[in-house]
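So the chains spell out like this:
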Amino acid sequence: MIKTQYKKILLILTLITCLWNALEAQNNDAMEEKIENILSQLTLEEKVAMCHAQSKFSTKGVERLGIPEIWMSDGPHGVRAEISWDDWAYAGWTNDSITAFPALTCLASTFNPELAKDYGFSVGEEARYRKKDILLGPGVNIYRTPMNGRNFEYMGEDPFLASKLVVPYVQGVQKNGVAACVKHFALNNQEHWRDKINVEVSDRALHEIYLPAFKAAVIEGKTWAIMGAYNKFRGTYTTHNPILHKILKTDWAFDGVVVSDWSSAHSTKEAALYGLDMEMGTGTDGLGTTTANHYSNYYLATPFLKMLKSGEIEESLVDDKVRRILRLMFRTTMSSNRPFGRMNNVEHHEVARKVATEGIVLLKNDNNFFPIQDKKGLTIAVIGENATRTMTAGGGSSELKPKFEISPLEGIKARYKNAKIIHTMGFASGRSVYDEVLPSPYDADSLKVEAIEIAKKADIVLFVGGLSKSHLQDCEGDDRQQYHLPFGQEELLKEIKAVNKNLGMILLTGNAVEMSWLDKVDGLIQGWYLGSMAGHALADVISGDVNPSGKLPFSFPAKLEDNAAHSFGALSYPGDGTNQYYKEDILVGYRWHDTKKIKPLFAFGEGMSYTAFKLSDIQTDKNNYSQNESISVSCTVSNTGEKTGSEVVQVYIGKSKSKVKRALKELKGFQKLEVNSRENVTANIEIPVSALAYYDDTTSNWIIEKGTYTIYVGNASNNISKSLKITIK
Ligand code: BGC
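Here the structure is a predicted model, which is why all the values come from computation and not from measurement.

Rules used in this analysis
- Residues numbered from 1 in each chain as written.
- Predicted model: local features only at pLDDT ≥ 70, side-chain atom pairs only at ≥ 80, totals over all residues.
- Heavy atoms only, no water.
- Helix = DSSP H or I, 4+ residues; strand = E, 2+ residues; numbered from the N terminus.
- Buried < 20%, exposed > 50% of the residue type's maximum accessible area, 1.4 Å probe, protein only.
- Contact = heavy atoms within 4.5 Å.
- Areas by Shrake-Rupley, 256 points an atom, 1.4 Å probe, with all protein chains shown as cover.
- Lys, Arg positive; Asp, Glu negative; His and termini not counted.
- Charge placed at Lys NZ, Arg CZ, Asp CG, Glu CD.
- Arc of directions from axis to C-beta.
- Pairing = 2+ DSSP bridges.
- Axes fitted to C-alpha atoms, helices over the stretch in contact; angles between N-to-C directions.
- Phe/Tyr/Trp six-rings, centres within 6.5 Å; stacked < 30°, edge-to-face > 60°.
- Lys NZ or Arg CZ within 6 Å of the ring centre and 35° of its normal.
- Near = heavy atom within 4 Å.
- Polar contact = N/O pair within 3.5 Å; in protein donor to acceptor, adjacent residues only side chain to side chain.
- Nonpolar A, V, L, I, M, F, W, Y, C, P; charged D, E, K, R; others polar.
- Parallel < 35°, antiparallel > 145°, perpendicular 65-115°, else oblique.
- Left-handed = near helix turned anticlockwise from the far one by under 90°.
- Expected span 1.5 Å × (residues − 1).
- Core = buried A, V, L, I, M, F, W, Y, C linked by side-chain atoms within 4.5 Å.
- Patch = residues over 30% accessible without salt bridge, like charges linked within 9 Å, V, L, I, M, F, W, Y side chains within 5 Å.
- Salt bridge = Lys/Arg side-chain N within 4 Å of Asp/Glu carboxyl O.

### Looking at the overall build of the protein
In step 1: Each helix and strand counted, the protein has 18 helices and 28 strands in total.
In step 2: Principal-axis analysis of the C-alpha atoms places the extent of the protein at approximately 80 × 70 × 50 Å.
In step 3: Looking at the protein as a whole, 62% of its 729 residues qualify as buried.
In step 4: Look at the contacts in the protein between residues 6 or more apart in sequence, and 76% of them connect residues 24 or more apart.
In step 5: Of the roughly 27,900 Å² that the protein leaves accessible, carbon and sulfur atoms contribute 52%.
In step 6: Within the protein, the 87 negative side-chain charges are centred at a point lying 5 Å from the centre of the 83 positive side-chain charges.

The structure is reproduced here in structure tokens:
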């Protein structure tokens with residue numbers, strides 16, 4: 001009986017899908033017809049004008065035909081404030097303050113695709129309200145080294161995790177009739193020498209590690225735009241590299257627009273031939289500050305027109321670009337059922353707070369240091385510049401002008417009504433002005449003396465430290481230059497510990513840091529950059545109102561040389577100024593630590609809770625699979641503690657006997673589940689056998705090897721509850 005009903009439902013669902021697909025195909029045909037119609041009416045000059053910027057963040061429409069301009073803004077953590085027409089100065093508008101969402105590393109730590117959808121939808125609504133047609137984000141460059149100044153804008157070191165989160169983010173944004181622009185394609189894994197470094201990497205690592213999140217964004221997320229990167233790959237700038245044509249547009253059938261990064265185009269011919277559709281940010285005077293005839297000097301402007309007119313470049317090439325641009329317009333500016341967007345509304349603040357609280361990672365909790373009760377008579381000293389410093393400013397193009405930003409100190413004060421909260425800065429960083437760091441106006445010694453005095457007066461010290469989002473910290477344009485904490489924080493922590501035994505650390509960074517001080521702190525919270533609701537979210541977790549459930553989206557190596565890229569020396573990272581070689585190949589992040597048995601300080605997927613979980617009954621639906629089947633992994637998640645909490649069941653798969661090099665194990669599935677205290681729930685994770693394929697660079701093909709595979713199920717890459725064997729026929 002149930003089976004028949006189930007079959008009926010399935011049939012109805014299939015019918016609805018068929019109908020939906022047919023309708024979509026019809027709409028697409030109609031759209032393509034309109035595109036051809038418009039194209040036939042455009043002059044060559046008008047076509048070329050659509051392929052390059054008319055201002056810092058917009059491109060021309062066609063006035064006489066009523067074809068609108070395209071307006072863009074940086075993301076990915078919120079919609080950037082208005083920039084001037086011709087230069088990088090802020091335009092000084094007063095209606096462009098927005099909601100700042102947590103940095104993408106935090107989103108990745110949630111391991112929660114549903115939240116990624118809410119995040120994408122909310123930021124898309126804000127972009128729409130701000131009248132933007134393309135949101136420049138999200139970024140999915142893989143975390144290869146903790147020195148990369150821009151890691152905080154990306155989704156960690158694992159291609160599967162990044163893929164699972166980028167898809168709903170993109171879909172969420174685009175529901176608003178705003179295009180996502182997934183960046184930076186490809187291999188922009190460091191900021192140092194980003195405009196010139198040539199990356200040499202194997203095809204296998206390219207396809208297995210660096211491209212999957214882009215591929216998912218294109219094929220599953222159906223992103224309408226992709227941004228090229230600054231660096232070169234195999235000798236050619238990635239913004240106009242044959243891989244755009246071959247992989248992105250042919251193999252993945254991407255039908256959207258390739259936008260250059262700002263000033264990443266370098267050649268008219270290559271741009272024309274290798275798939276760049278829209279050129280932005282080029283500085284024709286070498287600086288990008290000239291206003292006279294600035295835009296007409298772009299590679300895809302007058303020089304392009306000349307080559308088209310002389311026949312050196314075929315008109316079909318510009319037609320292809322304009323078709324893509326018009327397609328993007330029909331999906332955005334010229335879409336007839338486009339919503340209007342919203343901004344700074346309560347729902348967006350709630351999404352920002354939810355992502356923040358779910359992404360915060362509890363890494364150490366000796367003697368249940370956290371949560372901290374709000375008690376009369378208790379004095380908590382909040383020490384550290386990051387307790388009050390704005391963390392939405394700085395960092396480069398992702399910096400934001402939020403309507404408000406609750407600092408950690410404000411959030412803690414708002415939550416703790418009974419305890420006494422005292423504060424001092426403790427240390428101070430300098431502010432950066434573009435690529436220069438201004439010295440701090442404070443005297444480091446006096447700050448330290450005051451911090452020790454304050455620490456002595458308190459029952460508990462919460463040190464709010466980390467990086468500063470200024471140049472050479474977590475910031476676009478260059479990399480970090482030291483792995484340890486800057487601005488004398490390590491010393492200060494040790495000195496505070498000497499006068500106060502109860503010391504907790506709130507680490508605000510987008511990157512791993514060295515922790516020579518780890519044994520000095522009783523509790524450690526990785527707090528990322530959390531946006532508008534930062535302070536409230538941190539207080540939620542510190543107080544125990546929210547039980548932490550975040551998991552690290554990248555490994556924290558104990559020392560820098562333990563990281564794969566660094567272990568191969570300067571040619572691997574940062575390169576010699578011209579070339580760099582990704583010598584670790586596919587063994588990025590935990591793949592390296594696991595395979596080479598180099599214990600990280602904290603592992604990928606790691607994160608604690610205020611309750612305790614146990615995974616049991618771990619099993620697969622069968623032992624043998626053929627290549628077109630799926631592996632069903634199930635397990636019981638028991639909350640054996642006293643608090644409701646969420647746990648992330650993580651499924652990794654490896655193959656010990658293989659004809660090719662393999663990582664010990666790779667993440668292939670995960671599920672986040674909320675479990676009440678003393679209750680159980682069942683996790684069910686489906687993994688298509690095709691996901692076990694490796695990329696064979698001799699045949700340029702994905703190959704599923706037959707034989708025995710090991711399935712590892714646990715709640716962190718370094719905490720596997722059980723491993724099982726299965727066979728692929
Ligand atoms: C960044 C991009 C950004 C663009 C526009 C570039 O420097 O790399 O991510 O979208 O500027 O601000």
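### Considering helix α13 (residues 408-415)
In step 1: Among all positions in α13, only Pro-408, Leu-409, Gly-411 and Ile-412 are buried. End-on, the buried residues of α13 take up no more than an arc of 165°, which puts them together on one face.
In step 2: Among the structural elements, β11 (379-383), β12 (420-424), β15 (460-466), β16 (503-508) and α16 (534-543) are those in contact with the buried residues of α13.

### Things to note about the sheet that holds strand β24 (residues 680-688)
In step 1: If you trace the three strands from one edge of the open sheet to the other, you get β19-β21-β24, paired in antiparallel fashion. Edge positions in the sheet fall to β19 (613-620) and β24, since each has one partner strand and no second. Sheet twist, expressed as the average angle between the axes of neighbouring strands with direction ignored, equals 20°.
In step 2: Note: β19 against strand β21 (residues 630-639), six bridges, orientation antiparallel. Directly across from Leu-615, in β21, lies its bridge partner Val-637.

### Digging into the packing of aromatic side chains
In step 1: One pass over the structure, following the stated rule, counts 24 aromatic pairs.
In step 2: Centre to centre, the rings of Phe-554 and Phe-556 are 5.5 Å apart; their planes meet at 10°, and the pair counts as stacked.
In step 3: The exposure class assigned to Phe-556 is buried, which follows from its relative accessible area of 0%.
In step 4: Aromatic ring contacts, followed pair by pair, group Phe-111, Phe-160, Tyr-590, Phe-604, Tyr-652 and Phe-670 into a single cluster.
In step 5: One cation-aromatic arrangement involves Arg-144 over Tyr-582; the distance from NZ or CZ to the ring centre is 3.7 Å.
In step 6: Its guanidinium or amino end placed over the ring of Tyr-237, Lys-232 lies 4.9 Å from that ring's centre, counting from NZ or CZ.

### Let's talk about the site of the ligand
In step 1: Taken together, the neighbourhood of the ligand is formed by 15 residues, with Asp-74, Arg-150, His-184, Asp-261 and Glu-476 sitting nearest.
In step 2: One of the side-chain nitrogen or oxygen atoms of Arg-150 is found 2.7 Å away from an oxygen atom of the ligand.
In step 3: Between the ligand and Tyr-230, the relevant distance is 2.9 Å, taken from an oxygen atom to a side-chain nitrogen or oxygen of the residue.
In step 4: In isolation the ligand has 310 Å² of accessible area, and contact with the protein removes 97% of it.
In step 5: The residue makeup of the shell around the ligand, split by class, is six nonpolar, two polar and seven charged.

### Describing the packing of helix α5 (residues 159-174) against helix α7 (residues 212-219)
Packed helices, taken two at a time, are described by the angle their axes make and the gap between the axes.
In step 1: Where α5 contacts α7, the two axes come as close as 8 Å, and the packing angle between them is 25°. For the element pair α5 / α7, the angle class is roughly parallel. As for the relative orientation of α5 and α7, their crossing is right-handed in sense. Where α5 approaches α7, its residues Pro-159, Ala-162, Ser-163, Val-166 and Val-167 are matched on the opposing element by Pro-212, Ala-213, Ala-216 and Ala-217.
In step 2: Residues belonging to the contact of α5 with α7 are distributed by class as follows: eight nonpolar, one polar and no charged.

### Here we look at unusual backbone geometry
In step 1: A cis geometry characterises the amide bond from Gly-75 onward to Pro-76, with omega recorded as -5°.
In step 2: Looking along the chain, the bond that leaves Tyr-573 and enters Pro-574 is cis, with omega of 0°.
In step 3: Position of Pro-574 among the secondary structure elements: in the loop between α17 (564-567) and β18 (579-581).
In step 4: Despite not being glycine, Lys-222 shows a phi value in the positive range, around 55°.
In step 5: In this fold, Lys-222 is placed in the loop between α7 and β6 (225-228).
In step 6: Given a relative accessible area of 52%, Lys-222 falls into the exposed group.
In step 7: The backbone phi angle of Asp-585 is positive, close to 55°, even though this residue is not glycine.

### Some points on the packing of helix α4 (residues 113-129) against α5
In step 1: Where α4 meets α5, the axes come as close as 7 Å, and the angle between the chain directions of the two elements is 30°. Handedness of the crossing formed by α4 with α5: right-handed. Note on element contacts: α5 touches α4 through Lys-164, Leu-165, Pro-168, Tyr-169, Gly-172 and Val-173, opposite Pro-113, Ala-116, Lys-117, Tyr-119, Gly-120, Phe-121, Val-123 and Gly-124.
In step 2: Considered class by class, the residues forming the contact of α4 with α5 number nine nonpolar, three polar and two charged.

### Here we look at α4
In step 1: Over its 17 residues, α4 extends 24 Å from the first C-alpha to the last, a length consistent with the 24 Å expected when each residue adds 1.5 Å.
In step 2: Buried within α4 we find Leu-115, Ala-116, Tyr-119, Gly-120, Ser-122, Val-123, Gly-124, Glu-125, Glu-126, Ala-127 and Arg-128.
In step 3: Where α4 is buried, its residues touch α3 (104-110), β3 (134-136), α5 and α12 (346-359).
In step 4: The distance from a side-chain oxygen at the start of α4 to the backbone nitrogen of Glu-114 is 3.1 Å, and the residue carrying that oxygen is Asn-112.
In step 5: Lys-131 lies just past α4 and shows a positive phi near 65°.

### Some words on the nonpolar core
In step 1: Counting residues in each nonpolar core, the largest one holds 193 residues, and the members touching the most others are Phe-185, Phe-370, Ile-372, Leu-524 and Ile-542.
In step 2: Other than its neighbours up to four places away in sequence, Leu-524 contacts Val-361, Leu-362, Leu-363, Lys-364, Phe-370, Met-505, Leu-507, Met-515, Trp-517, Leu-518 and Phe-602.
In step 3: In terms of nonpolar packing, the next biggest core, distinct from the first, is built from 26 residues, Val-633, Val-651, Leu-673 and Ala-693 among them.

### Let's talk about the environment of Ser-721
In step 1: Note on placement: Ser-721 falls in strand β28 (residues 719-728).
In step 2: Taking the C-alpha atoms as reference points, Ser-721 and Leu-19, separated by 702 residues in sequence, lie 45 Å from one another.

### A word on the pairing of β12
In step 1: Where β11 meets β12, five bridges bridge the pair, whose relative direction is parallel. Within β12, the position partnered with Ile-383 by the bridge is Thr-424.

### Some thoughts on a nonpolar patch on the surface
In step 1: A cluster of nonpolar residues, Ile-9, Ile-12, Leu-13 and Ile-16, forms a patch on the protein surface that exposes about 390 Å² of accessible area.
In step 2: For Leu-13, the position within the fold is in helix α1 (residues 2-41).
In step 3: For Leu-13, a relative accessible area of 48% translates into the label partly exposed.

### Topic: the pattern of salt bridges
In step 1: Scanning the entire structure with this criterion turns up 48 salt bridges.
In step 2: The shortest N-O distance in the salt bridge between Glu-153 and Arg-150 comes to 2.7 Å. Across the pair, Arg-150 and Glu-153 agree in class, each one buried.
In step 3: With its nearest N and O atoms 3.7 Å apart, the salt bridge here joins Glu-666 to Lys-668.
In step 4: Glu-666 sits in the buried class, given a relative accessible area of 13%.
In step 5: For Lys-668, a relative accessible area of 15% corresponds to the buried category.
In step 6: It is possible to trace a salt-bridge network through shared partners that takes in Arg-150, Glu-153, Glu-191, Arg-194, Asp-195 and Glu-476.

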